[in-house]
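One letter stands for each residue in the lines below.
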Amino acid sequence: MEYGSGGGGGSGSGGDHDASDPSRRKKRYHRHTAHQIQRLEGMFKECPHPDEKQRLQLSRELGLAPRQIKFWFQNRRTQMKAQHERADNCSLRAENDKIRCENIAIREALKNVICPSCGGPHVSEDSYFDDQKLRMENAQLKEELDRVSSIAAKYIGRPLSQLPPVQPIHISSLDLRMASFDGHGIGVAAPSLDLDLLPGSSSSMPNLPFQPVVISDMDKSLMTDVAANAMEELLRLLQTNEPLWIKSTNDGRDVLNLESYERIFPRANTHFKSPNLRIEASRDSGVVIMNGLALVDMFMDSNKWVELFPTIVLMAKTIEVISSGMLSSHSGSLQLMYEELQVLSPLVSTREFYILRYCQQIEQGLWAIVNVSYDFPQFASQCQSHRLPSGCLIQDMPNGYSKVTWVEHVEIEDKTPTHRLYRDLIHGGLAFGAERWLATLQRMCERFACLMVSGTSTRDLGGVIPSPDGKRSMMKLAQRMVNNFCTSISTSNSHRWTTLLGLNEVGVRVTVHKSSDPGQPNGVVLSAATTFWLPVTPQNVFNFFKDERTRPQWDVLSNGNAVQEVAHIANGSHPGNCISVLRAFNTSQNNMLILQESCIDNSGSLVVYCPVDLPAINVAMSGEDPSYIPLLPSGFTISPDGHPDQGDGASTSSSSHGNMGKSGGSLITVAFQILVSSLPSAKLNLESVTTVNNLIGNTVQQIKAALNCPSS
């Protein structure tokens, strides 16, 4: 092609043609002869990628330029590749159509599947979990309705009338045989064996024991002054040693000097105290694996507060936010809250508080949070506990750690005598003291740290749990199991226990409730628990329950079969803090596994377990949401009895095992649950009560025999 007049071009055209002729601007294509194409095709079959020498030889034979030979082979290779891809696409499309047809046929066949047991239509696993999800959403909507009703009541000056309860949809549930529950509002009608269900809510969150309160601007101003004075007192309690705090000669703990305290902080009406009034005060400090701002955020959120202390805080609710404070640091935040605290035994009453929680940032990386009771006249007779300025000082440390100093200071009016088994533990300030709060905080912070770790360990997971998401899902499932267990053995007002005599002087406490909450089997659940004392250290009792080899000695429902750990997740520095999936040998239920979590810290320990079927475990191990897996856990709680072991000598609360190592004996609470019927309207009969009573009695006797303790 030429771009000017005259001069020869690469195509060899003459200069007598007009360069401006448009037809001359078109590219001239050279068509190969049939002989040339036949020779090139033959060469392509032998060698699709000829080298330069072969291309020169072809060019001489066929009278073509080497460059033409090169381009022909490139085009031919591209054409061949496109042909192969089209053939592959056609093959894959045909295979896809075949699989789609098979899938449609299988779905149509599944619609006509009939259950061999009941003759009814088959309920798929997907629809089961969908129903569970809908019930959870209903519970969340009910909680939102209660919150809106509480806000609306402030403006009309009286509580809104309660809506009629919505009847839940009940579906068939797993017959788990043994478990615990999370329901509230259902109790026993009278102290007899006729334990008919009472009408009430089966929500997983009990109704608050107060009506919505209207808080005026004057009340808010008074609350602000009370919180500021409490903060000033708390800082002195946290930062002052003698004469306010003296060291105990028995165990080295900090003990409040009441004479010095009353002299420094005089109070009105001190001469009119009830003779049953008792003071509990304690202080402890330690390092936790969580930064200060994260701790403050969890402390100032009532829901996170319950998650952080599941074994202590039965429930907590923010009634009113008086001041939101600074968004970044929560400094200046003031809230009116309700909380109910527990010891994990049906023998110990819960403690209810209406408190002001106030956060103040002292300096960069240093926060103080104070809790102080705020008295409402309409609730004066309801609360037997009064929290004096208590709380903690949180100081940031390097590498994401924090130093926490904790103070607990309460007035208790014992309107009913404390049970003799727990008298030393409670009156000594260990049951609700600072040591227990701090030990639980340290253990739970380690658990949250393990939950956040993205890497997996074959040693921890045993190669069964495939991914970090599966690990986190299993940890969330186990945490919900522990939370349900702790709630099930509480002595909250929503739980009314009936005592069955015959086992020991304590007896077996039983209650019954109707379960319809998301994440629980539907039906009627019978709960039973008892507490007994053993002359064995809590550490040795925990080791006994934790050892797989000794499990057949106490697990009466395993029929003496040994168990094997098939999955293991460590959730703390102590080897006893872990989650296990256990499988029993030689059982008829091969598709049933046992999910177990064990927890131990300076204040005590617990072992909680629950039978879970194999498909549900696979859901959690695959990393999917485990919120809809039904759980009814059972287990044991172990705490020191409060009697110091004379042979161990005095030791501080910062020792490796704390009160677990110092105590001479153990208080053990055993709790079982039985799914009596999958029908919510079923009545409880004497046979079910006798069964669970014998179950607990046999378990207690086997534990005592295995630990060489007298049966009486």
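Numbering of residues starts from 1 in each chain and follows the order in which that chain's sequence is written. The predicted nature of this model means local features are confined to residues of pLDDT at least 70 and side-chain atom pairs, given and counted, to a pLDDT of 80 or more, with totals for whole chains, interfaces and linings taken over all residues. Each side-chain value is worked out from all heavy atoms of the structure, with water and hydrogens disregarded.

Peer 1: Looking at this structure, I do not really get the overall build of the protein chain. What am I missing?
Peer 2: Each helix corresponds to a stretch of at least 4 residues labelled H or I by DSSP, and each strand to a stretch of at least 2 residues labelled E; elements are numbered beginning at the N terminus. Check the secondary structure of the protein chain and you find 16 helices and 19 strands. It only takes one pair of heavy atoms within 4.5 Å for two residues to be counted as in contact. The contacts of the protein chain with a sequence gap of at least 6 include a subset with a gap of at least 24, amounting to 68%. Method for areas: the Shrake-Rupley scheme with a 1.4 Å probe, in which residue coverage is limited to the protein chains shown. Summed over its atoms, the accessible surface of the protein chain is roughly 35700 Å², and 52% of this surface lies on carbon and sulfur atoms.

Peer 1: Any chance you could explain the side chain of Arg 447 here in plain terms?
Peer 2: For Arg 447, the position within the fold is in helix 10 (residues 434–452). Not counting residues within four places of it along the chain, the set of residues in contact with Arg 447 comprises Met 475, Ala 478, Gln 479, Asn 571, Ile 579 and Glu 597.

Peer 1: Sorry, what's going on with the packing of helix 1 (residues 34–46) against helix 3 (residues 66–110) here?
Peer 2: Geometry of a packed helix pair, given as the angle between the helix axes and the separation of the axes. Axis separation between helix 1 and helix 3 bottoms out at 11 Å; the angle between their running directions is 65 degrees. For the crossing formed where helix 1 meets helix 3, the hand is right-handed. Facing Leu 40, Glu 41, Met 43 and Phe 44 of helix 1, the residues of helix 3 in contact are Ile 69, Trp 72, Phe 73, Arg 76, Arg 77 and Met 80. A per-class count over the contact of helix 1 with helix 3 returns seven nonpolar, no polar and three charged. Here an angle of 0 to 180 degrees is reported between the N-to-C directions of two axes, which are lines fitted to C-alpha atoms, with helices fitted over the stretch in contact. Handedness of a crossing follows from how the near helix is turned relative to the far one, being left-handed for an anticlockwise turn of less than a right angle and right-handed for a clockwise one. Charged means Asp, Glu, Lys or Arg here, nonpolar means Ala, Val, Leu, Ile, Met, Phe, Trp, Tyr, Cys or Pro, and polar covers whatever is left, Gly included.

Peer 1: Sorry if this is basic, but what is going on with the confidence of the model for the protein chain here?
Peer 2: For residues with low pLDDT, the predicted coordinates do not support detailed interpretation. Each residue carries a pLDDT value, the predictor's own confidence for that position, ranging from 0 to 100. When pLDDT is averaged along the protein chain, the result is 78, and 74% of the positions lie at 70 or above. Segment residues 1–20: pLDDT under 50, and 18 contacts once partners within four positions in sequence are set aside and those in other chains are kept. Contacts for the low-pLDDT stretch residues 646–657, under 50 throughout, to residues beyond four places or in other chains number 20 contacts.

Peer 1: Is there a simple way to explain the environment of Trp 367 in this structure?
Peer 2: By secondary structure assignment, the location of Trp 367 is in strand 7 (residues 366–373). Relative accessibility thresholds used throughout: buried, under 20% of the residue-type maximum; exposed, over 50%; partly exposed, between the two (1.4 Å probe, protein chains only). Judged by relative accessible area, Trp 367 falls into the buried class, the value being 4%. Residue contacts for Trp 367: discarding those within four places in its chain leaves Gly 292, Leu 293, Val 296, Ser 329, Cys 359, Gln 360, Gln 361, Ile 362, Cys 392, Leu 393, Ile 394 and Asp 396. Counted as a polar contact is a pair of N or O atoms within 3.5 Å, where, for protein atoms, one must be capable of donating a hydrogen and the other of accepting one, and residues adjacent in sequence contribute only when both atoms are in side chains. One polar contact links the side chain of Trp 367 to the main-chain carbonyl oxygen of Ser 329, over a distance of 3.4 Å.

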